[in-house]
Amino acid sequence: MNAIIKNPLALAGLMIIAIISFMAIFAPLITPFDPDAINVKSILLSPSSAHWMGTDGLGRDVYSRMLFGARISLLVGIVAVGIATVIGIVLGAISGFYRGWVDTVIMRLVDVMLSIPTFFLILAVIAFLTPSIWNIMIVIGLTSWMGVTRLVRAEFLSLRNREFVLASQTLGATDRRLIFKQLLPNSLTPIIVSSVLGIASAVLVESGLSFLGLGVQAPQASWGNILTDGKEYIEFAWWLSLFPGLAILITVMGYNLLGEGLRDALDPRTSNNK
Amino acid sequence: MLKYLMNRLLWMVPLLVGISLISFLIMHLAPGDITSTEASFNPKTSEESRQKLRELYHLDKPVIVQYGLWLKRMSTLDFGRSFASHQSPVFWQETDKDGNITKGMIQEALPVTLLINVLSLSLIIAMALPLGVISALTQNKLPDRSITIFVFIGFAIPSFWLALMLMYWTGVSHNWLPISGLHSLGAEKMPWLAQWIDGLKHLTLPILISGLTGLAGISLFVRNGMLDVLHQDYITTARAKGLSENTVVYKHALRNALLPLITIFGLSIPGLIGGSVIAESIFAIPGMGKLFYDAVLMRDFPVIMGILTIGSALTLIGNLLADLAYAWADPRVRKGVVQ
């Protein structure tokens, strides 16, 4: 925690994420309007003191929809990365710990997954399923575990023959104990960094899918589908496209800053370089 | 070199088998058989089209037979006919009785996507190299700091939003550039030079978008690569020999820093191909991405599976080319000294 506070990048990222998470969690208490309330008397109003970010084509308050959209983006990002990280840790640990043919099979699977264009893969899967938040999370999670797997495997391979691991193995520690008490805790730093960076890209993917109409479905608000509406009205309602894009940009930047900052702060090699 | 090439080619076989397995798995992901999800999605689906799907993927046969038939389909690139246009999704063009030629859907779309990607890759190289080098040479000073901020924004900016904003700015409010399609109306009647300029104008925005969003990663990579190399002993030696700073930086350092870039380009191919979905559907450009997007919206499964396969094959070919280029540039790899 100290390391984060001393690193200005990480601190900036952490603050951005904290503010956005706060607004997302307390959205129902902060929002001045019901995000789904259609009001024909207030269609496409430009930003004002009543409607901070204006209103959309159905007269809904954009600021309220943005706050509820934040919930979706963060939820999808975190759950998708959670799924990917769990798969990555399990496969990477098996691969790096047991090596041999299991390792070969898992690494070939990673190669195969990496040679299918990810966005094509995600869209193809979605074509066979019904788009819903849960499906989106699962699909993004199932298509983004390869990086973590390689990372965990590499960490395990390099830690496996270190003295402290060999020592406890000699003392009769079981494989399970070695994995969970020795290897995994010592691999946590790069896993955390890659998960934080992973949330950033998951948020981008989700908003892209929703923008294309294949992610979160209307009337549920998401930053991506507010932008889709914005595209329709781009000639006379700039606020509909400007704010969701900025929100995505700032959120993704927050996670990237935190991730890179953490990497610098926690990794002695890069922090000496600076 | 030949041995290296053979090795790399053999290496692709298990990958292709893996890809066929994953795509087969996708077809069976849907709960029940895929025909039922399609039906629940689109109320217009008739019993007839469900029957078509069942026939297409032999859903009434045992799973192992289905996979065998799927593997056969994939290896002959025969994915069945598009449900929507009845064209064949992949390359083969056909001539009917009256001599009319119907092209395969990917045959028509692929060159467009390749052109856009090659041009945007060139743009990325042209801009990322100087940015990365400047950044490394002015480490932690103002130019480096500003480029780093630019890189962070580049990483975080959603390409579809950038596309919308540029579209609004250059197309709607200033009317500088066309914002959709590949040609203006009546372009085929223009002289060839005007046609060419017209096409280029239509491509400007899509190329800018994928160029600008891909730029950040590459320039950061060049920067870190340069910093790494500049701290090596042979650079100190070069300086100690009294070589000019320019010779040291551009002849000794940059060339070595650029080597890994070849691999990075190879690795960025699937991202570029996948990314074409967003750019092409926003600007209504008839490439692979748009074709794929439309197919997903219409649940046109033969086209979806065809593009997924071709897209993966392209990635494999791209990686192969990158590896060959690396082996060509670095004798250590070619001779098997380092992996």
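Just above sits the structure.
A short tour of the structure in this document, coming up. Nothing here was measured: the structure is a model prediction, and the numbers come from that model.

**Focus on the overall build of chain B**
Scanning chain B from terminus to terminus reveals 13 helices and two strands. Taking all 339 residues of chain B together, 46% fall into the buried category. For chain B, contacts bridging at least 24 residues in sequence account for 62% of all contacts bridging at least 6. Surface summary for chain B: the accessible area is close to 17,400 Å², and the carbon and sulfur share equals 66%.

**Focus: the interface of chain B and chain A**
Taken residue by residue, the interface counts 50 residues in chain B and 44 residues in chain A. Summing the contributions of chain B and of chain A, the shared interface buries around 4,300 Å²; its carbon and sulfur component is 82%. Of all residues in chain B, Phe152(B), Phe160(B) and Trp161(B) bury the most surface against chain A, accounting for 15% of the area lost on that side. Taken together, chain B and chain A are joined by zero salt bridges. One can count three residue pairs in polar contact (both at pLDDT 80 or more) joining chain B with chain A. If you list the elements that add at least two residues to the side of chain B that touches chain A, you get α1 (2-27), α2 (34-41), α6 (142-156), α7 (159-173), α10 (245-282), α11 (288-298) and α12 (301-329) of chain B. It is α12(B) that provides the largest number of residues to the side of chain B that touches chain A, a total of nine residues. Across the side of chain B that touches chain A, the residue classes break down as 40 nonpolar, nine polar and one charged.

**Things to note about the side chain of Ser312(B)**
Tracing the chain through its elements places Ser312(B) in helix α12. Among the polar contacts listed, one links the side chain of Ser312(B) to the backbone oxygen of Leu308(B), at a separation of 2.7 Å. Residues contacting Ser312(B), with those up to four places away along its chain left out, are Ser115(A), Ile116(A), Pro117(A) and Ile19(B).

**Observations regarding the nonpolar core**
Formed by 133 residues in total, the largest nonpolar core has its most connected members in Trp70(B), Met288(B), Phe292(B), Ile304(B) and Met305(B). For this core, the element with the highest residue contribution is α12(B), accounting for 13 residues. For Met288(B), the residues in contact, after removing those within four places along its chain, are Phe120(A), Ile106(B), Ala109(B), Leu110(B), Thr113(B), Glu280(B), Ile307(B), Ile310(B) and Leu314(B). Formed by 24 residues, the second largest nonpolar core is a distinct cluster that contains Ala128(B), Ile218(B), Ile235(B) and Ala253(B).

**Structural notes on the environment of Ser158(A)**
Tracing the chain through its elements places Ser158(A) in helix α8 (residues 146-160). Taking the relative accessible area as the measure of exposure, Ser158(A) reaches 44% and is therefore partly exposed.

**Notes on the pattern of salt bridges**
With the rule as written, the count across this model stands at nine salt bridges over all chains. Between Arg263(A) and Glu260(A) there is a salt bridge, with the nearest N and O atoms lying 3.5 Å from each other. Pair noted here: Arg263(A) and Glu260(A) are both in helix α12 (residues 238-266), with a separation of three residues, about one helical turn. A salt bridge links Arg8(B) to Asp323(B), with the shortest nitrogen-to-oxygen separation between them at 2.7 Å. Here the residue Arg8(B) occupies a position in helix α1, and Asp323(B) occupies one in helix α12, the gap between them amounting to 315 residues. For Arg8(B), a relative accessible area of 11% translates into the label buried. Since its relative accessible area comes to 24%, Asp323(B) is described here as partly exposed.

**A closer look at the packing of aromatic side chains**
All names here are of chain A. The full count for this structure, using the stated rule, is seven aromatic pairs over all chains. When the centroid spacing of 5.6 Å and the interplanar angle of 85° are considered together, the rings of Trp238 and Trp239 count as edge-to-face. Classification of Trp239 as buried rests on a relative accessible area of 4%. Ring-pair connections join several aromatic residues into one group, and the members of that group are Trp238, Trp239 and Phe243. The positively charged end of Arg160 is found above the aromatic ring belonging to Phe97, 4.5 Å away from the centroid.

**A short note on the packing of helix α10 (residues 175-211) of chain A against α12(A)**
Residues and elements named next belong to chain A. Taken N-terminus to C-terminus, the directions of α10 and α12 make an angle of 165°; their axes are 9 Å apart at the nearest point. The orientation of α10 relative to α12 falls into the category roughly antiparallel. The handedness of the crossing between α10 and α12 comes out as left-handed. Counting all contacts with α10, which are made through Thr189, Ile192, Val193, Val196, Leu197, Ile199, Ala200, Val203, Leu204 and Ser207, the residues of α12 involved are Ile248, Val252, Tyr255, Asn256, Leu258, Gly259, Glu260, Leu262, Arg263 and Leu266. Residues of the contact of α10 with α12, tallied by class, amount to 14 nonpolar, four polar and two charged.

**Regarding helix α5 (residues 100-114) of chain A**
Taking 1.5 Å of rise per residue, 15 residues should cover 21 Å, and α5(A) covers 21 Å from first to last C-alpha, within 8% of that figure. Taken together, the buried positions of α5(A) are occupied by Asp103(A), Ile106(A), Met107(A), Val110(A), Asp111(A), Val112(A) and Met113(A). In this structure, the buried residues of α5(A) make contact with α4 (62-98), α6 (118-128), α7 (133-142) and α8 of chain A together with α1 of chain B.

**Thoughts on unusual backbone geometry**
Positive phi, normally seen in glycine, also occurs at Arg99(A), with a value near 50°. Unlike most non-glycine residues, Ala284(B) shows phi in positive territory, near 50°. With respect to the element layout, Ala284(B) can be found in the loop between α10 and α11. Given the relative accessible area of 31%, Ala284(B) is considered partly exposed.

Thresholds, definitions, all that
Residues numbered from 1 in each chain as written. Chains lettered and ligands numbered in written order. Predicted model: local features only at pLDDT ≥ 70, side-chain atom pairs only at ≥ 80, totals over all residues. Heavy atoms only, no water. Helix = DSSP H or I, 4+ residues; strand = E, 2+ residues; numbered from the N terminus. Buried < 20%, exposed > 50% of the residue type's maximum accessible area, 1.4 Å probe, protein only. Contact = heavy atoms within 4.5 Å. Areas by Shrake-Rupley, 256 points an atom, 1.4 Å probe, with all protein chains shown as cover. Buried area = accessible area lost by both parts, 1.4 Å probe. Salt bridge = Lys/Arg side-chain N within 4 Å of Asp/Glu carboxyl O. Polar contact = N/O pair within 3.5 Å; in protein donor to acceptor, adjacent residues only side chain to side chain. Nonpolar A, V, L, I, M, F, W, Y, C, P; charged D, E, K, R; others polar. Core = buried A, V, L, I, M, F, W, Y, C linked by side-chain atoms within 4.5 Å. Phe/Tyr/Trp six-rings, centres within 6.5 Å; stacked < 30°, edge-to-face > 60°. Lys NZ or Arg CZ within 6 Å of the ring centre and 35° of its normal. Axes fitted to C-alpha atoms, helices over the stretch in contact; angles between N-to-C directions. Parallel < 35°, antiparallel > 145°, perpendicular 65-115°, else oblique. Left-handed = near helix turned anticlockwise from the far one by under 90°. Expected span 1.5 Å × (residues − 1).

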